[in-house]
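Survey of secondary and tertiary structure
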Amino acid sequence: MAQRGTQLDSSRFCCSICLDLLKDPVALPCGHSYCMSCIKSHWDGEDQRRIYSCPQCRQTFTPRPVLVKNTMLAELVEELEKTGLQAAPPDLCYAGPGDVVCDVCTGRKLKALKSCLVCLVSYCQQHLQPHYESPAFENHMLVDPSKNLKDNLCSRHGEMMKIFCRTDQQCICYLCSMEEHKGHKTVSASAERSERQKGLRKSRKKIQQRIQDREKDVKVLQQEVEAINRSADGAVEDSEKIFSELLHLLEKRRSDVKQQIRSQQEAEVSCAEELEEKLKQEIAELRRKDAELERLSHTEDHTHFLHSYPSLSRLSGSTDFPSTDIRPLWHFQDVTAALTELRNKLWGVFSEEWTKISRTVTEPDVLLSRAEFLRYSHQITLDKNTANNHLALSKRNRKVKITSKEQSYPDHPDRFTDCCQVLSRESLPGRCYWEVEWSRWGVSIAVAYQDVSRKGSESEFGLNDKSWTLKSSFNGYQFRHNSEETPVLNPVSSRVGVYLDHRAGVLSFYSVSETMTLLRRILTTFTQPLHAGIHFHLSGSSAEFSELK
């Protein structure tokens, strides 16, 4: 008996409510058995409806059945328990914080495997079996476990909301459709779901496409960051080397000047010391002769005086003395003056060149040549759907001119209705350069956000905070943004180059001829993609985006 008992399936002797071995087992009229306390607790919750059901097969009983302990089943469970029957089924998955719990389990709740939209009850694996096995549940709809099953009930009628009112855009029950929503356009909730599912798929497709685009942008940015890091590391290494060479050169020159000064000092001092020695010897000789002359002057012997005087007077008359013209002080002051002049010159050159170096670091486009700008050249194509009706496009939509004859463009929400201007079809890439050539002044070169106004005077480029423009006139240029105008005092050229670095917030306008002259440069933060634009102020003008190679 013991051997046979250990081979029995423990779940057959477990209460499907508490999932433990049966205690005081009772059998319902439908044949399913439960612990007496478990089924009583279950039915106590149904007292209000006065309809009592079996938790497994959902068979209902009226009135409430009288429960009697199944003595034979109780003895069998007790005997099997003694022979080693497991006290609980294995692999139970108890509910944790945040999990949807089984509504049928008593005591410690198991995690719900499915929720039934008909029963409005969540079931664990054990209590879910009747939905799979009994024909009574074949029309029930099982979904992933949900904590919000009661949200499917109408708050007014307590019925399932299986209808969608398209008039009021809300889910309703069938009683609502017969009362306050009577006459409204309604469909089943499943039909509305199917319809919106199509829109959902389209939205997801757009989002996924945008994700792919953004991932490409991220990859490009990562490559740019890597390039920036490599370039910066190389520039730092080169600058360290160059500054080391400059310091080494200055140190060598400092040492050379010091050595030359000391050498000249030594030579001058040696010369002076040699001359000093000669002068001292001469002084001593002169003092000796002076003493002889003094003694002669005091002699009383006239014959001796006259005999000695000729030889002594010749010695006193000698003027052959060494030169004493020594001016080393002025010589070294000249060195100091020359070094001071050199320092001032170097300081001026250094300041000027340092300004250029700083600008190349912080404003990399300022010192670029046209050939370097052309590396970022971008072909602009104008969007006919944005062109004012008095603008005619040609040359593959790269040239535009203002005409008195109105063009027969179809109506379009993107068209400028009150200003003679047009935008590019494509948005501008992160870093790009293009050139525009016009036939006469009265043309504005612009960049603008796509959502710039299309109607009224505020739609004109430069008169709002969504556009930046360089306007040409007979006496110069004017830069305009958000209705603020700044004169640009440079000769007017028929060709203007535009450089944009969207990420860095740099926008520069150049006069292009044999050389490039910076007209206007702004630093800002661009919050949207930008489009190139053209605006005309005078009739008879035309503008063309140049083919750059």
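A few points on the structure.

About the thresholds
- Residue positions are given per chain, counting from 1 as you read along its sequence in written order.
- Since the coordinates come from a predicted model, pLDDT governs what is reported: local features require at least 70, and pairs of side-chain atoms require 80 or more to be given and counted, while whole-chain, interface and lining totals use all residues.
- Only heavy atoms go into the side-chain values, all of them from the structure, while hydrogens and water stay out.
- Strands pair, by our definition, only if DSSP identifies at least two bridges between them.
- Helical segments are the DSSP runs of H or I of at least four residues, strand segments are the runs of E of at least two, and each set is numbered from the N terminus.
- The convention used is that axes are lines fitted to C-alpha atoms, helices contributing only their stretch in contact, and that angles between N-to-C directions extend from 0 to 180 degrees.
- Residue exposure (1.4 Å probe, protein chains only): buried if accessible area is under 20% of the type maximum, exposed if over 50%, otherwise partly exposed.
- Working definition: the arc comes from the directions between the helix axis and the C-beta atoms, pointing outward to the latter.
- Contacts between residues were defined by any pair of non-hydrogen atoms, one from each residue, lying within 4.5 Å.
- Any helix carries an expected span of 1.5 Å times its number of residues minus one.

1. Focus on the sheet that holds strand E14 (residues 431–438)
- Reading across from one edge, E11-E12-E23-E14-E19-E20-E21 is the order of the 7 strands in this open sheet, with antiparallel pairing throughout. For this open sheet the edge positions go to strand E11 (391–394) and strand E21 (516–523), each flanked by a neighbour on one side alone. Averaged over all pairs of adjacent strands, the angle between strand axes in this sheet comes to 20°, irrespective of strand direction.
- Sheet topology places E14 next to strand E23 (residues 542–545); 3 bridges connect them, and they run antiparallel. By the bridge assignment for E23, Glu437 is matched with Glu544.

2. Describing helix H2 (residues 36–44)
- Considered for burial, the residues of H2 that qualify are Met36, Cys38, Ile39 and Trp43. Looking straight down H2, one finds its buried side chains confined to an arc of 165°; they lie on one side.
- Packed against the buried residues of H2 are strand E1 (25–27), strand E2 (33–35), strand E3 (52–53) and strand E4 (60–61).

3. Quick look at helix H3 (residues 71–82)
- Along its 12 residues, H3 runs 17 Å from first to last C-alpha, staying within 8% of the 16 Å computed at 1.5 Å per residue.
- Those residues of H3 that fall on the buried side of the exposure criterion are Leu73, Ala74, Val77 and Leu80. Projected down its long axis, H3 shows its buried positions confined to an angular sector of 135°, all on one face. Turned more than 90 degrees away from the buried face of H3, the exposed residues are Met72, Glu75 and Lys82.

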